[in-house]
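Structure at a glance
So you can see what is in the structure, the chains are spelled out below.
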Amino acid sequence: MTDAQETAADTSLRTTGGAPPDDVAPAPIPLLEPREGIPPVVASDDALARVVAAFAAGSGPVAVDAERASGYRYGQRAYLVQLRRDGAGSALIDPVGCPDLSGLGQALDGSEWILHAATQDLPCLREIGMTPTGLFDTELAGRLAGFPRVGLGAMVESVLGYSLEKGHSAVDWSTRPLPDPWLRYAALDVELLIDLRNALEDELDRQGKLEWAREEFDAIASAPPAPPRKDPWRRTSGMHKIRRRRQMAVVRELWTARDQVAQRRDVSPGKVLGDAAIVEAALALPPNVQALTALPGFGHRMGRRQLEQWQAAIDRAKALPDAELPQPGQTLAGPPPPRAWADKDPAAAARLSAARAAVSELAERLHMPQENLITPDTVRRVCWEPPKNPTPDAVETALAGYGARHWQIEQVAPLLLRALTPAA
């Protein structure tokens, strides 16, 4: 950055807000342009080998981003990987042409990776052989630093004084060849990530939160892959309308059949059959294809063969013996919904009310979202089943058992201790 840009970034980080004087027009925000133009897309082993060598020889942290085709393709695989590093420049890699990036991951081993909203991209990067040993998450850093808007575009604008081009975030990144405007957009996503990281590190240090952020980043980097969801069909949109177990079985059968078709065709499940159509079929329990065709979501555009496969799924659910029907709800792990606490356990409800108020007040003083100070689920669990003898050590141990980081325990344990004591 130039001296003027550094000054602007420093000022924006420390400004408390407010409009400019009436006689001073706000300076236009320049649109960011790629410094070296749009890099060529790497889609062969030879080109990838050159990128690996260049990035291994580079210095400092590595800016990393990935583009998926959510809403278009099955799953969350990466269809473009963007990187930037001092001494190596920027690179755009096509994981379709280069599906194994473990060599690149090994070349970057030990380097800090800079990602924006890391938990969104890490699963698809892990699938192609790229897993960081250390990272800096600019979105999470923005949350901890108290920024009201933490999207990449908003952060680059408020911190570095540049405007990122918008408009291609939700396109079908599985398209080949990728249009130049999309590639330009993708390259810009990593153009200033290193500068943004450095400015946010300075701001977190100024606020005394840098070690907190490092604990959070380490937790993300060391977290194991999320286990598969149990009964994912229960997350069908509109499921709250389903009351009977037979209807639930229809949702399960249609969801499973849809998922198999979507996986086979490599398309988003929603493009095969909408959630609303699944719920309508479960509510109606149509006896045949003709009745199914009359339902919303099963119109004239759907072929006879498709209609027959959906009706077959419905018939399978209708034929199940009662013992094989799904139960009305999942077994909840942990406390009941807070709205039920007052009836089930008034003392626990009082503990939760006191804890929530204290956490909210502290989060406001620290200028960060409550969920980043401590997860609401952790607060609920500790308040529902508090330590039998709520001493400081016991509360700290309970928080650590639920995955709270050291800095979170330091900040929150005294508040929860007061909420858990009889006097509270």
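What you see is a predicted model; the values in this text were computed from it and never measured.

Examining unusual backbone geometry
Along the chain, R176 connects to P177 via a cis peptide bond; the corresponding omega equals -5 degrees. On the secondary structure map, P177 appears in the loop between α6 (152-160) and α7 (180-191). Positive phi is not limited to glycine here, since A117 has a value of about 60 degrees. Tracing the sequence through the fold places A117 in the loop between β5 (112-115) and α4 (118-127). For A117, a relative accessible area of 6% puts it in the buried group.

Quick look at the layout of surface pockets
Of the voids in this model, the largest pocket is the one considered here, and its volume is about 1,200 Å³. What lines the largest pocket is a set of 39 residues, among which Q76, P123, A226, P227 and R229 lie closest to the centre. Those elements that provide at least two residues to the lining of the largest pocket are α4, α5 (138-145), α9 (210-222) and α10 (245-265). If one sorts the elements of the lining of the largest pocket by residue count, α4 sits on top with 8 residues. When grouped by side-chain class, the residues that make up the lining of the largest pocket number 18 nonpolar, 8 polar and 13 charged.

Concerning the nonpolar core
Formed by 85 residues in total, the largest nonpolar core has its most connected members in L83 and I93. For this core, the leading source of residues is helix α20 (residues 406-420), giving 9 residues. Counting residues in hydrophobic clusters, the runner-up holds 33 residues, among them I242, M248, V267 and V289.

Quick notes on the environment of G129
Of note, G129 is situated in the loop between α4 and β6 (134-137). Given a relative accessible area of 29%, G129 falls into the partly exposed group. Distance from G129 to G103, taken between C-alpha atoms, is 7.8 Å for residues 26 residues apart in sequence. Sequence-distant contacts of G129, defined by excluding residues within four places in its chain, comprise L101, S102 and G105.

Regarding the confidence of the model for the protein
Averaged over all residues, the pLDDT of the protein equals 92, while 92% of them reach at least 70. Segment residues 1-20: pLDDT under 50, and 17 contacts once partners within four positions in sequence are set aside and those in other chains are kept.

What about the side chain of R84?
Inspection of the secondary structure puts R84 in strand β3 (residues 78-86). Looking at R84, the relative accessible area reads 8%, which means it is buried. Within polar-contact distance, the side chain of R84 engages the side chain of S90 at 2.5 Å. Excluding residues that lie within four positions of it along the chain, R84 makes contacts with R35, E36, F55, P61, V62, A63, G89, S90, V190, E191 and I194.

How each quantity is defined
Residues numbered from 1 in each chain as written. Predicted model: local features only at pLDDT ≥ 70, side-chain atom pairs only at ≥ 80, totals over all residues. Heavy atoms only, no water. Helix = DSSP H or I, 4+ residues; strand = E, 2+ residues; numbered from the N terminus. Buried < 20%, exposed > 50% of the residue type's maximum accessible area, 1.4 Å probe, protein only. 1 Å grid on protein atoms, 1.4 Å probe; cavity = no way out; pocket = protein on both sides within 12 Å on 5 of 7 lines; lining within 4 Å. Points joined across faces, edges and corners; volume = space filled by probe spheres on them. Nonpolar A, V, L, I, M, F, W, Y, C, P; charged D, E, K, R; others polar. Core = buried A, V, L, I, M, F, W, Y, C linked by side-chain atoms within 4.5 Å. Contact = heavy atoms within 4.5 Å. pLDDT = per-residue confidence, 0-100. Polar contact = N/O pair within 3.5 Å; in protein donor to acceptor, adjacent residues only side chain to side chain.

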